[in-house]
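Understanding the architecture of this molecule
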Amino acid sequence: TNVGYAFINFLDPVNMTRFSEHFEGYRFKKQNSQKVATVNPAHVQGLSRNVQQLTKKAVLHFNKGEYKPVVFRDGLRVDFEDLAKEYS
């Protein structure tokens, strides 16, 4: 079974609350899936700390980086390596 994760850096706690209330228990309907969403605060908080943590993970190098994190800033995709340099 595939498991998907998303880490969202909310800038306002009110938005995190709204997101949680909407997506907690959400049932994925495509492909006749039985999956149900769970929303939890991450153990590591903040974009900078998450980027630093993710740079230590093997997934960045697995399959030529095909599965590395995708990061958006102001609606635009940001290269993860550039972001890692910014927060190193």
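Reference entry: report on the structure contained in this document. These figures come from a predicted structure and were not determined experimentally. Numbering of residues begins from 1 in every chain and follows the order in which that chain's sequence is written. Reporting of local features is limited, given that this is a predicted model, to residues whose pLDDT is at least 70; pairs of side-chain atoms are given and counted only at 80 or more, and all residues count toward the totals for whole chains, interfaces and linings. Each side-chain value is derived from all of the structure's non-hydrogen atoms; neither hydrogens nor water enter the calculation.

With that out of the way, let us pick up the nonpolar core. Listed in full, the 7 residues of the largest apolar core are Val-51, Leu-60, Val-71, Val-78, Phe-80, Leu-83 and Ala-84. Residue contributions to this core peak at 3 residues, all from helix H3 (residues 80-86). Contacts between residues were defined by any pair of non-hydrogen atoms, one from each residue, lying within 4.5 Å. Apart from residues no more than four positions distant in its own chain, Leu-60 is found in contact with Leu-54, Thr-55, Gly-65, Lys-68, Pro-69 and Phe-80. Residues enter a nonpolar core if they are buried and are Ala, Val, Leu, Ile, Met, Phe, Trp, Tyr or Cys, with the set joined through side-chain atoms within 4.5 Å. For each residue, the accessible area found with a 1.4 Å probe, counting protein chains only, is set against the maximum for its type, and the residue is called buried under 20%, exposed over 50%, and partly exposed in between. Under the scheme used here, helices are H or I runs from DSSP no shorter than 4 residues and strands are E runs no shorter than 2 residues, and both carry numbers assigned from the N terminus.

Take the packing of aromatic side chains next. Each Phe, Tyr or Trp ring, with Trp reduced to its six-membered ring, pairs with another whose centre is within 6.5 Å; inter-plane angles below 30 degrees give stacked pairs, above 60 give edge-to-face pairs, and intermediate values give tilted ones. Counting across every chain of the model gives 4 aromatic pairs. When the ring of Tyr-26 is compared with that of Phe-28, the centres are 5.1 Å apart and the planes differ by 85°; the resulting orientation is edge-to-face. Residue Tyr-26 is classed as partly exposed on the basis of its relative accessible area of 30%. Members of the aromatic cluster, each reached through a chain of ring pairs, are Phe-10, Phe-19, Phe-23, Tyr-26 and Phe-28.

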